[in-house]
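One-letter residues, chain by chain:
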Amino acid sequence: MVSELPDAEALLPKLAAELRTHVTPNAAMIGLYTGGAWLAQRLHPMLGLKEPLGLMDIAFYRDDYHKEGLKHDPKRTKIPFDVEGRDLLLVDDVLYTGRTVRAAMNELFDYGRPRSISLVILADRGGRQLPICAQYCGAVVQVPEGMRLRLKRAADGILKLELERGA
Amino acid sequence: MERSPQLNANGELQHLLSIEGLPREILLQILDTAESFVGVTERDIKKVPLLRGKSVFNLFFEPSTRTRTTFEIAAKRLSADVINLNIAVSSQSKGESLLDTVANLSAMHADLFIVRHASSGAPFLIARNVKPHEHVINAGDGRHAHPTQGLLDLFTIRHYKKDFTRLTVAVVGDILHSRVARSLIHGLTTLGTPEVRVIGPQTLLPTGVESLGVRVFHDMREGLKGADVVVMLRLQNERMNGALLPSAQEFFMKYGLTADKLALAKPDAIVMHPGPMNRGVEIDSSVADGPHSVILPQVTFGIAVRMAVMSIVAGN
């Protein structure tokens, strides 16, 4: 089953090539912790964007806080550029329910009013619960019931998609 | 052993009553979460939606400006509704009991109680009697504890000094009446600070203070030598019964922090004070306003730390 998963490293240059044809001079990138941040850290230098990479933890904007509480160790959101009027590339590893992306957009608008937001993801596993879609998608992946698709980063920095138990 | 009333069955923080007995992981969770909230407080829009729809009651049975205000700001930045109760003119003066007051507020759908009380243990009493979805944060009870102040002190120390495990921290002055000192000492010990010193006259040190794991100094110059962090405490005249001190002037001579005494600490030492300061009593103005002072950053960090505590307990 694991062998059917696409090779994350092979998807990277394809995703970058697709993005390169669309980025505007005004574009900037934000990666979502944790997997999206890893992915963004790899994509960002491949695109030659002017602005440094932004990193975001959506813990304070999650819609399941009242059920789940605050998760341990939220990272500090750092957006080292002005969001106002920007064409933003929002990067995450796996797109599933769409709730993370909604939370991220809510947080982003507390920083300013971007001109546009495009969603960049490595893998789309379907199962959307909100009207959200990705503009740039590395691969569509079938995930068996009760499994979770996650991006892992090895000690040498190599990215790899993996399935694990848990929804 | 009976479970600490501040932790739920899963060992998560349900109420914050005291730093004493809090495991290291929870202390670090609070400090790390506060670090992320510092980012929020530096934005133009200093608000996140976590506590939208929650009601936070500030129950201050004892006067406080800074603590009450920073709790109010913190709650508002979490999008909660904040209700400040001026207890001096409330039903308590008409004889209503503490638990009746709380029960009435509970009937108004309270979610969080921020409690300051002159009696040690009052927030514990409330915490034992609230509904499961209600949370209590101790904002100072008698001489016992002031955990959010202790946490913001820990946050400030970590911010400037990074690693607790190589620090010498000196806490100076009226330890006897200070709930701040007690909370801070417990936190420092839990986080592995190798040397915590308390400096003060015998009359202002609690008996058996050594059992907290501190070194005791009566000579301030001796105690400040090589310190990385100097925490000055306010001389609490309002809590003193009888003559524990000859005079404020004499106290300043022996235990007031002046530039020449501070010179005995490490060159990069930081000076902290929980406020409000008595200038010229426990601290000289030149030090309070000097380059080593981080007294005002403490206040700013206090908001992020209180946001962290509220959002952690309200989510558990």
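Note that the coordinates shown come from a computational prediction; the quantities given were computed from them, not determined experimentally.

A.B. asks: Lay out the overall build of chain A with the relevant residues and their values.
C.D. replies: Counting its regular elements, chain A contains four helices and seven strands. Counting helices and strands in the order they occur from the N terminus, chain A gives α-β-α-β-α-β-α-β-β-β-β. With the C-alpha coordinates aligned to their principal axes, the bounding extent of chain A is approximately 45 × 40 × 30 Å. Looking at chain A as a whole, 37% of its 167 residues are labelled buried. Excluding contacts between residues fewer than 6 apart, the proportion of contacts in chain A whose partners are at least 24 apart in sequence is 67%.

A.B. asks: Residue-level account of the packing of helix α2 (residues 66-77) of chain B against helix α11 (residues 295-315) of chain B, with values.
C.D. replies: The angle between the axes and the distance between the axes are what describe a pair of packed helices. All names here are of chain B. One way to put it is that α2 packs onto α11 with a least axis distance of 8 Å and a crossing angle of 55 degrees. Classed by the angle they form, the pair α2 and α11 counts as oblique. As for how α2 packs across α11, the hand of that crossing is right-handed. On α11, the residues that touch Arg-66, Thr-70, Phe-71, Ile-73, Ala-74, Ala-75 and Arg-77 of α2 are Val-299, Gly-302, Ile-303, Arg-306, Met-307 and Met-310.

A.B. asks: I'd love a proper account of the sheet that holds strand β1 (residues 55-60) of chain B, names of residues and values included.
C.D. replies: Residue and element names in this part refer to chain B. Within the open sheet, the four strands sit side by side as β2-β1-β3-β4. Their pairing is parallel. One side of each edge strand has no neighbouring strand; the edge strands of this open sheet are β2 (81-86) and β4 (135-141). Across the sheet, the mean angle from the axis of one strand to that of its neighbour is 15 degrees, orientation sign disregarded. When β1 meets strand β3 (residues 112-117), the two strands line up parallel, connected through five bridges. Within β3, the position partnered with Leu-59 by the bridge is Val-115.

A.B. asks: A description of α2(B) should follow, citing residues and the corresponding values.
C.D. replies: Structural remark: α-helix, 3.6 residues per turn; residues separated by three or four positions point the same way. Residue and element names in this part refer to chain B. Here α2 spans 16 Å end to end across 12 residues, near enough to the 16 Å set by a 1.5 Å rise per residue. Taken residue by residue, α2 has Thr-67, Thr-70, Phe-71, Ala-74, Ala-75 and Arg-77 as its buried positions. Summarising the axial view, the buried residues of α2 lie within an arc of 160 degrees, below the 170-degree limit, and thus occupy one face. As for α2, its buried residues are in contact with α1 (24-41), β1, β2, β3, β4 and α11. Taken from the residues just after α2, Ser-79 is the one with a positive phi, measuring 70 degrees.

A.B. asks: Explain the interface of chain A and chain B to me, and be specific about the residues and the numbers.
C.D. replies: The interface of chain A with chain B comprises 15 residues on the first partner and 16 residues on the second. Here the residues of the side of chain A that touches chain B sort into six nonpolar, three polar and six charged.

A.B. asks: Summarise unusual backbone geometry; cite the residues concerned and give the values.
C.D. replies: Omega for the bond connecting Tyr33(A) with Thr34(A) falls within 30 degrees of zero, at -5 degrees, which places this linkage in the cis form. Secondary-structure assignment places Thr34(A) in the loop between β1 (27-32) and α2 (35-47). That bond from Gly275(B) to Pro276(B) is cis: its omega, -10 degrees, falls within 30 degrees of zero. For Pro276(B), the location among the structural elements is in the loop between β9 (270-272) and α10 (285-288). Located in the positive-phi region is Ser79(B), a residue other than glycine, with phi close to 70 degrees. As for its placement among the helices and strands, Ser79(B) is situated in the loop between α2 and β2. The backbone phi angle of His109(B) is positive, close to 65 degrees, even though this residue is not glycine.

A.B. asks: Give me the lowdown on the nonpolar core, citing residues and values where you can.
C.D. replies: Within the largest apolar cluster, 138 residues are counted, with the highest numbers of intra-cluster contacts made by Val171(B), Val172(B), Val230(B), Val231(B) and Met310(B). The biggest single contributor to this core is α11(B), with 12 residues.

A.B. asks: Give me the lowdown on the sheet that holds strand β3 (residues 87-95) of chain A, citing residues and values where you can.
C.D. replies: Residue and element names in this part refer to chain A. Strands sit in the order β2-β1-β3-β4-β5 across an open sheet of five strands; the sheet is parallel. What marks the edges here is a single partner per strand, and that holds for β2 (54-56) and β5 (136-140). Ignoring which end each strand starts from, the neighbouring axes of this sheet average 25 degrees apart. Here eight bridges tie β3 to strand β4 (residues 116-124), and the two strands are oriented parallel to one another.

A.B. asks: How would you sum up helix α1 (residues 8-20) of chain A? Please name residues and give values.
C.D. replies: Residue and element names in this part refer to chain A. Look at α1: 18 Å from first C-alpha to last across 13 residues, which is about the 18 Å you get at 1.5 Å a residue. Of all the residues in α1, the buried ones are Ala-8, Leu-15 and Leu-19. All buried residues of α1 fall inside an arc of 35 degrees around its axis, so they share one side. Opposite its buried face, α1 presents the exposed residues Ala-10, Pro-13, Lys-14, Ala-17 and Arg-20, each directed more than 90 degrees away. Elements that come into contact with the buried residues of α1 comprise α2, β3, β4, β5, β6 (147-153) and β7 (159-165).

A.B. asks: For the environment of Asn278(B), give the residues involved together with the corresponding values.
C.D. replies: Residues and elements named next belong to chain B. In this fold, Asn-278 is placed in the loop between β9 and α10. In this structure, the C-alpha to C-alpha distance between Asn-278 and Gln-236, residues 42 residues apart in sequence, is 9.6 Å. Not counting the four nearest positions on each side in its chain, Asn-278 is found in contact with Arg-234 and Leu-235.

A.B. asks: Outline the packing of α1(B) against α11(B), supporting the account with residue identities and numerical values.
C.D. replies: All names here are of chain B. Where α1 meets α11, the closest approach of the two axes is 8 Å, and the angle between their N-to-C directions is 120 degrees. Considered as vectors, α1 and α11 are oriented oblique to each other. In the packing of α1 onto α11, the handedness of the crossing is right-handed. Contact residues: Gln-29, Ile-30, Thr-33, Ala-34, Phe-37, Val-38 and Thr-41 in α1; Phe-301, Ile-303, Ala-304, Val-305, Met-307, Ala-308, Val-309 and Ile-312 in α11. In the contact of α1 with α11, the residues fall into 12 nonpolar, three polar and no charged.

Conventions adopted
- Residues numbered from 1 in each chain as written.
- Chains lettered and ligands numbered in written order.
- Predicted model: local features only at pLDDT ≥ 70, side-chain atom pairs only at ≥ 80, totals over all residues.
- Helix = DSSP H or I, 4+ residues; strand = E, 2+ residues; numbered from the N terminus.
- Buried ≥ 20, exposed ≤ 12 C-beta atoms within 10 Å, placed from the backbone.
- Contact = placed C-beta atoms within 7 Å.
- Axes fitted to C-alpha atoms, helices over the stretch in contact; angles between N-to-C directions.
- Parallel < 35°, antiparallel > 145°, perpendicular 65-115°, else oblique.
- Left-handed = near helix turned anticlockwise from the far one by under 90°.
- Pairing = 2+ DSSP bridges.
- Expected span 1.5 Å × (residues − 1).
- Arc of directions from axis to C-beta.
- Nonpolar A, V, L, I, M, F, W, Y, C, P; charged D, E, K, R; others polar.
- Core = buried A, V, L, I, M, F, W, Y, C linked by C-beta atoms within 7 Å.

The analysis is restricted to geometry; functional conclusions fall outside its scope.
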